[in-house]
Amino acid sequence: MLFSVLTLLIAGIGARLEQDIKKIIALSTLRQLGVIILALGFKLPMLSLFHLYSHALFKALLFLCAGAIIHNNNNNQDIRMFGVIAPQMPLTAACLNVANLSLCGMPFLSGFYSKDLILESSLFEQSNMLILLIIFLATGLTAAYRMRMFIVVMWNQTNFVPYHQNFDEDRTLTFPMMLLTAGAVVGGLFLQSVIREFSEVIVISIIIKNMTIVVTVMGVLLSMSLWGKVVIINNIKVSIFKYFNNLMWFLVPLSTQPVIKFPLYLGFSIYKSIDQGWLEIIGGQGAIILSRKITEINQKVQSNLISTIMLMIFTCIIVLIVISVGG
């Protein structure tokens with residue numbers, strides 16, 4: 001459970017500072033995996049499966065909308081280069097907004113039914129106060145970075161090339177968007193109505209029950225209040241802080257890179273010394289070189305043999321001529 005809530009916190013802070021739209025969505029996926037593991041930590045496997053299903057609906061919609069925006073901006077993924085997307089791509093903007101609201105757990109959308117049950121279960125079950133604080137802090141961060149991405153991409157002033165026009169009239173994108181939007185709106189309710197195990201009866205006070213919505217709204221307000229404001233801090237501190245969070249609290253150089261460094265180096269050495277070394281000499285390239293040398297030697301022998309025969313024939317002819325003239 002501790003690892004799951006730390007995943008929520010790390011992914012939320014990292015997404016809040018990230019500029020790549022695909023990385024933001026990927027970190028959001030990592031955070032939702034933390035929610036799924038959190039539900040398993042509370043011994044609620046069916047709620048975990050329910051959140052997995054509902055999350056698939058709006059996250060697929062998010063990736064599709066992001067792909068449409070990236071495609072319309074010449075494969076650019078930096079959200080600082082986007083802007084004024086909503087008036088130019090109204091359908092994509094509406095679908096992205098629905099997916100963002102569903103991800104934040106907006107009431108009566110697909111993500112609300114599973115996410116709200118998991119958060120209420122964390123309040124209902126006996127758990128550590130620190131874990132609860134991290135869970136709801138991460139919930140607020142989710143609303144904050146989703147609203148930041150939506151504002152910057154949809155309404156911010158564009159920094160892309162002048163006279164660039166976006167459009168969302170491609171049917172191969174718009175039709176799947178509308179289908180996934182319908183799933184992001186009613187998918188959670190449909191799954192909960194069809195599958196009985198996806199429903200849990202949790203009795204808590206109305207104040208605690210509304211805590212999830214209050215934290216989400218606070219995250220949205222925080223993101224809107226910080227939009228457009230520049231905080232002047234020491235550049236070294238800012239760079240170290242961003243570097244720290246972009247590397248997932250230095251987990252990448254401490255865990256991933258040392259583990260994969262030796263296998264990658266070993267594979268590269270085997271590739272250079274065996275696959276492109278001895279196997280090439282003994283195998284295909286070696287056979288080609290050997291056949292080429294044999295052919296060259298054969299050509300030399302044959303060319304020398306022909307010249308020797310011609311010289312002998314020429315000598316015999318001269319000798320015969322001399323003998324016939326002398327006789």
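This report concerns the structure included in the present document. Bear in mind that the values here come from a model prediction, so they are computed numbers and not experimental data.

**A word on the overall build of the protein**
- A count of helical and extended segments in the protein gives 13 helices and zero strands.
- Secondary structure elements in the protein, listed N-terminal to C-terminal, are α-α-α-α-α-α-α-α-α-α-α-α-α.
- Considering the protein as a whole, with its 327 residues, one finds that 38% of them fall into the buried category.
- Counting only contacts in the protein whose residues sit at least 6 apart along the sequence, the fraction spanning at least 24 positions is 82%.
- Taken as a whole, the protein presents about 19,600 Å² of accessible surface, with 72% of it coming from carbon and sulfur.

**So, the side chain of Arg 31**
- Looking at the element boundaries, Arg 31 is found in helix α2 (residues 21–41).
- Although Arg 31 is buried, it makes no salt bridge; Asp 116 carries the closest opposite charge, 12 Å away.
- The residues touching Arg 31, leaving out its near neighbours within four places in the chain, are Leu 8, Ala 11, Lys 115, Ala 138, Thr 139, Thr 142 and Tyr 145.

**A short note on the environment of Ala 68**
- Relative to the assigned elements, Ala 68 resides in helix α3 (residues 45–72).
- Judged by its relative accessible area of 2%, Ala 68 is buried.
- As for Ala 68 and Asp 170, which are separated by 102 residues in sequence, their C-alpha atoms are 9.2 Å apart.

**Digging into the packing of helix α6 (residues 110–124) against helix α7 (residues 129–154)**
- Packing of α6 against α7 brings their axes to within 10 Å, and their N-to-C directions diverge by 155 degrees. One finds that α6 runs roughly antiparallel with respect to α7. Viewed along their axes, α6 and α7 form a crossing whose handedness is left-handed. For the pair formed by α6 and α7, the contact residues are Lys 115, Leu 119, Ser 122 and Leu 123 on the first element and Leu 132, Ile 135, Phe 136, Thr 139 and Thr 142 on the second.
- For the contact of α6 with α7, the residue count by class is five nonpolar, three polar and one charged.

**Digging into the nonpolar core**
- Counting 33 residues, the largest nonpolar core has Ile 21, Leu 96, Val 153 and Met 154 as its most contacted members.
- Of all the secondary structure elements, the ones that give two or more residues to this core are α1 (2–17), α2, α3, α4 (85–88), α5 (90–104), α7 and α8 (171–194).
- The biggest single contributor to this core is α3, with eight residues.
- If sequence neighbours within four positions are ignored, Ile 21 has contacts with Ala 66, Ile 70, Gln 77, Ile 79, Phe 82, Met 149 and Val 153.

**Brief notes about the packing of aromatic side chains**
- For the structure on display, the rule yields four aromatic pairs.
- Here the aromatic rings of Tyr 53 and Phe 198 are separated by 6.1 Å at their centres, their planes lie at 65 degrees, and the arrangement is edge-to-face. Of this pair, Tyr 53 sits in helix α3 while Phe 198 sits in the loop between α8 and α9 (206–209); the two residues are 145 residues apart in sequence, bridging distant segments of the chain.
- By relative accessible area, which is 39% here, Tyr 53 ends up partly exposed.
- A relative accessible area of 1% means that Phe 198 is categorised as buried.

**Regarding the environment of Thr 212**
- Within the secondary structure, Thr 212 is located in helix α10 (residues 211–226).
- Judged by relative accessible area, Thr 212 falls into the buried class, the value being 7%.
- Measuring from C-alpha to C-alpha, the distance between Thr 212 and Gly 140 comes to 8.7 Å, with 72 residues separating the pair along the chain.
- Among all residues touching Thr 212, those that are not within four sequence positions of it are Asp 116, Leu 119 and Phe 136.

**Topic: the layout of surface pockets**
- Roughly 150 Å³ of internal volume is contained in the second largest pocket.
- What lines the second largest pocket is simply Phe 136, Leu 137, Gly 140, Leu 141, Ala 144, Val 215, Met 218, Gly 219 and Leu 222.
- Those elements that provide at least two residues to the lining of the second largest pocket are α7 and α10.
- When residues in the lining of the second largest pocket are grouped by element, the largest group, five residues, is from α7.
- Counted by class, the lining of the second largest pocket contains seven nonpolar, two polar and no charged residues.

**Brief notes about the state of the cysteines**
- Tallied over the entire structure, the rule returns zero disulfides.
- We note that Cys 95 lacks a disulfide partner, and the nearest cysteine sulfur, in Cys 65, lies 5.1 Å from it.
- On the basis of relative accessible area, Cys 95 is assigned to the buried category, the value being 3%.

**Points about the side chain of Thr 139**
- Locating Thr 139 in the fold gives a position in helix α7.
- A distance of 2.8 Å separates a polar atom in the side chain of Thr 139 from the backbone oxygen of Ile 135.
- Those residues in contact with Thr 139, other than ones at most four positions away along the chain, are Arg 31, Lys 115, Leu 119, Val 215 and Thr 216.

**Quick look at α2**
- Over its 21 residues, α2 runs 30 Å from end to end, which matches the ideal 30 Å to within 8%, given 1.5 Å per residue.
- Of all the positions in α2, only Ile 21, Ile 24, Ile 25, Leu 27, Ser 28, Arg 31, Gln 32, Gly 34, Val 35, Ile 36, Leu 38 and Ala 39 are classed as buried.
- Where the residues of α2 are buried, they touch α1, α3, α5, α6 and α7.
- The N-capping residue of α2, defined by a side-chain oxygen 3.0 Å from the backbone nitrogen of Lys 22, is Asp 20.
- Just beyond α2, the residue with positive phi is Lys 43, at close to 60 degrees.

What counts and what doesn't
- Residues numbered from 1 in each chain as written.
- Predicted model: local features only at pLDDT ≥ 70, side-chain atom pairs only at ≥ 80, totals over all residues.
- Heavy atoms only, no water.
- Helix = DSSP H or I, 4+ residues; strand = E, 2+ residues; numbered from the N terminus.
- Buried < 20%, exposed > 50% of the residue type's maximum accessible area, 1.4 Å probe, protein only.
- Contact = heavy atoms within 4.5 Å.
- Areas by Shrake-Rupley, 256 points an atom, 1.4 Å probe, with all protein chains shown as cover.
- Lys, Arg positive; Asp, Glu negative; His and termini not counted.
- Salt bridge = Lys/Arg side-chain N within 4 Å of Asp/Glu carboxyl O.
- Axes fitted to C-alpha atoms, helices over the stretch in contact; angles between N-to-C directions.
- Parallel < 35°, antiparallel > 145°, perpendicular 65-115°, else oblique.
- Left-handed = near helix turned anticlockwise from the far one by under 90°.
- Nonpolar A, V, L, I, M, F, W, Y, C, P; charged D, E, K, R; others polar.
- Core = buried A, V, L, I, M, F, W, Y, C linked by side-chain atoms within 4.5 Å.
- Phe/Tyr/Trp six-rings, centres within 6.5 Å; stacked < 30°, edge-to-face > 60°.
- 1 Å grid on protein atoms, 1.4 Å probe; cavity = no way out; pocket = protein on both sides within 12 Å on 5 of 7 lines; lining within 4 Å.
- Points joined across faces, edges and corners; volume = space filled by probe spheres on them.
- Disulfide = S-S within 2.5 Å.
- Polar contact = N/O pair within 3.5 Å; in protein donor to acceptor, adjacent residues only side chain to side chain.
- Expected span 1.5 Å × (residues − 1).

That is the geometry; function is a separate question.
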